[in-house]
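Residues per chain are reported as follows:
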Amino acid sequence: MMGSNCHVVRCPTCHHSDRNFGQDAYDQLDVIGIDEAQFFEDLYDFCHDVADHEGKTVIVAGLDGDYLRRSFGSVLDIIPLADSVTKLSARCEICGKRAFFTLRKTEETQTELIGGADVYMPVCRQHYVTGQVAVEAARMVLESQKVQCSSCV
Ligand SMILES: [Zn+2]
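For the protein, the name recorded in an unreviewed UniProt entry is Thymidine kinase, with Salix purpurea as its organism. Under Sequence similarities (unreviewed entry), UniProt gives the following word-for-word description of the protein: "Belongs to the thymidine kinase family." The UniProt entry for the protein carries this comment under Catalytic activity (unreviewed entry): "thymidine + ATP = dTMP + ADP + H(+)".

Right under this line is the structure:
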């Protein structure tokens, strides 16, 4: 795929890609790849416009669910637009089975928390469920210690 006609452009939102890239160069593109698609707010409109009206092939990669297995961004919204969908998996870090879920190892609760292996780990269904119980128990212990510490002061 890499070659003289392969260009990579980073853009904060999809619809800015033609501005960052230049209209002539953008018009010559056949394929547009989007990674981390869960973070693009204009994903649906962009994919709809460029695939249907500009004749581009759009390849989208992203998380379908967050660490609580809730729909993440607009990734699930674009499935009706797609020719095909492939759900990928990793390997469970605990048992090695196929991992479809992400376990957050910290007590942070905001949906968008950028991090790597220090914050997230791929897990199978069994270890997602047992891991969530362990993370929740740890969170409750930490919060009870905060209460105790603040009452000690
Ligand atoms: Zn496992």
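So much for the structure itself; the text now carries on.
**Q** Even after reading the chapter, I still don't get the overall build of the protein, so can you show me in this structure?
**A** Each helix and strand counted, the protein has four helices and six strands in total. Its helices and strands taken in sequence order, the protein reads α-α-β-α-β-β-β-β-β-α from the N to the C terminus. Within the protein, buried positions represent 18% of all 153 residues. Restricting the contact set of the protein to residue pairs at least 6 apart, pairs at least 24 apart contribute 60%.

**Q** Help me understand the pairing of strand β2 (residues 57–60) in this model?
**A** Consecutive side chains along a regular strand alternate between the two faces of the sheet. Residue alternation in β2 divides its side chains into a buried set, Val58 and Val60, and an unburied set, Thr57 and Ile59. Pairing of strand β1 (residues 31–34) with β2 involves four bridges; the strand directions are parallel. By the bridge assignment, Gly33 is partnered in β2 with Ile59. Considered for its hand, the β-α-β crossover made up of β1, helix α3 (residues 43–52) and β2 is right-handed.

**Q** Explain the nonpolar core to me, please; I cannot follow it from the model alone.
**A** Note on soluble globular proteins: their nonpolar side chains tend to be buried together. Ile32, Ala37, Phe40, Leu43, Phe46, Cys47, Val50, Val58, Val60, Phe72, Val75 and Ile78 form the largest nonpolar core, which has 12 residues in total. Listed by contribution, the elements that provide at least two residues to this core are α3 and β2. With four residues, α3 is the single largest residue contributor to this core. Once residues within four sequence positions are removed from consideration, Cys47 is found in contact with Val58, Val60, Ile78 and Leu81. Residues Tyr67, Met121, Val123 and Tyr128 belong to the second largest nonpolar core, which totals nine residues.

**Q** Could you clarify how one ought to interpret the environment of Arg98 in this entry?
**A** Relative to the elements of secondary structure, Arg98 occurs in strand β4 (residues 98–99). Counting along the chain gives 27 residues from Arg98 to Arg125, while the straight-line C-alpha distance between them is 8.8 Å. Setting aside chain neighbours within four positions, we find Arg98 in contact with Ser89 and Cys124.

**Q** Hey, could you run me through unusual backbone geometry in this one?
**A** Negative phi characterises most residues that are not glycine, and trans characterises most peptide bonds. Positive phi outside glycine occurs at Glu36, with the angle close to 55 degrees. With respect to the helices and strands, Glu36 occurs in the loop between β1 and α3.

Definitions and cut-offs
- Counting restarts for each chain, with residues numbered from 1 along the sequence as it is written.
- Since the coordinates come from a predicted model, pLDDT governs what is reported: local features require at least 70, and pairs of side-chain atoms require 80 or more to be given and counted, while whole-chain, interface and lining totals use all residues.
- UniProt positions are given in the numbering used here, feature names are shortened, and annotations may be inferred rather than shown by experiment.
- Starting at the N terminus, helices and strands are each numbered in turn, a helix being any DSSP run of H or I of at least four residues and a strand any DSSP run of E of at least two.
- Comment: burial labels come from other C-beta atoms within 10 Å of the residue's own C-beta, placed from the backbone, where a count of 20 or more is buried, 12 or fewer is exposed, and between is partly exposed.
- The contact criterion used here is simple: two residues whose C-beta atoms, placed from the backbone, lie within 7 Å are in contact.
- Strand pairing is defined by DSSP finding a minimum of two bridges between the two strands.
- Look down the strands so they point away from you; if the path from the first strand over the helix to the second goes clockwise, the crossover is right-handed.
- Among buried residues, those of type Ala, Val, Leu, Ile, Met, Phe, Trp, Tyr and Cys that are joined through C-beta atoms within 7 Å form a set called a nonpolar core.

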